[in-house]
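Descriptive analysis of the structure
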Amino acid sequence: MSYTLRTFGGLTLSRVGAEVALAENRRKPLALLELLAGGGERGMTRDKLAAYLWPEGEPEKVRGVLKQTLYTLRQELAEPALILGETELRLNPALIDVDLWTFERLSAAGDSAGDVAIYLLKFLDGVH
């Protein structure tokens, strides 16, 4: 695992062993990662991501902004394989650990103690 994405108790991305510097004004890249995390193994289409992140934009411009955001994320994080796919995008579980995925696994396994420990933190607390 190279990165950890936390969606409970706020939204943060950290590199294993160090904090990743995604500035406060860079909420869209973090939101993009969260949407992909929520998409799980199926991922999410580029069009759906664009509609969620830039609902008011012109489709052609929004596709360009999404493409640039993906490029910037891959460059900043120095992990070109963090986001997989071309049309349907998804996070690479070999490179990122997501607390939402852990919560879903514990829930599916019936681990209520583990569920509660994660669920006590509010999902995407403070994200708007």
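Notes on the structure in this doc start here.

Here is what the cut-offs are and how they apply
Residues numbered from 1 in each chain as written. Predicted model: local features only at pLDDT ≥ 70, side-chain atom pairs only at ≥ 80, totals over all residues. Heavy atoms only, no water. Helix = DSSP H or I, 4+ residues; strand = E, 2+ residues; numbered from the N terminus. Buried < 20%, exposed > 50% of the residue type's maximum accessible area, 1.4 Å probe, protein only. Contact = heavy atoms within 4.5 Å. Pairing = 2+ DSSP bridges. Salt bridge = Lys/Arg side-chain N within 4 Å of Asp/Glu carboxyl O. Axes fitted to C-alpha atoms, helices over the stretch in contact; angles between N-to-C directions. Parallel < 35°, antiparallel > 145°, perpendicular 65-115°, else oblique. Nonpolar A, V, L, I, M, F, W, Y, C, P; charged D, E, K, R; others polar.

**Overview of the environment of Arg90**
Within the fold, Arg90 resides in strand 6 (residues 88-91). Here Arg90 falls in the partly exposed class, since its relative accessible area comes to 32%. Residues Arg90 and Gly43, 47 residues apart in the sequence, show an inter-C-alpha distance of 4.2 Å. If we skip the residues at most four places from it in the chain, Arg90 touches Leu36, Gly40, Glu41, Gly43, Leu82, Ile83, Leu84 and Gly85.

**Let's talk about the sheet that holds strand 6**
Two orientations exist for strands paired in a sheet by backbone hydrogen bonds: parallel and antiparallel. Strand order in the open sheet formed by three strands is 4-6-5, with antiparallel pairing between adjacent strands. Strands with a single pairing partner mark the edges of an open sheet, and in this sheet they are strand 4 (44-45) and strand 5 (83-84). In the sheet, strand 4 pairs with strand 6 via two bridges, with the strands oriented antiparallel. Bridging across to strand 6, Met44 finds its partner in Leu89.

**Focus on the pattern of salt bridges**
Tallied over the full model, the rule gives two salt bridges. A salt bridge links Arg6 to Asp97, with the shortest nitrogen-to-oxygen separation between them at 3.3 Å. Of this pair, Arg6 sits in strand 1 (residues 3-6) while Asp97 is found in strand 7 (residues 96-98), placing the two residues 91 residues apart along the sequence. A residue is classified by how much of its surface remains accessible, and Arg6, at 29% relative accessible area, is partly exposed. Among the residues examined, Asp97 registers a relative accessible area of 22% and is labelled partly exposed.

**A short note on the packing of helix 1 (residues 27-39) against helix 3 (residues 59-77)**
For the pair helix 1 and helix 3, the least separation of the axes is 10 Å and the interaxial angle reads 90°. If you check the angle between helix 1 and helix 3, you find them roughly perpendicular. In contact with Pro29, Leu32 and Leu33 of helix 1, helix 3 contributes Leu66, Thr69, Leu70 and Leu73. Here the residues of the contact of helix 1 with helix 3 sort into six nonpolar, one polar and no charged.

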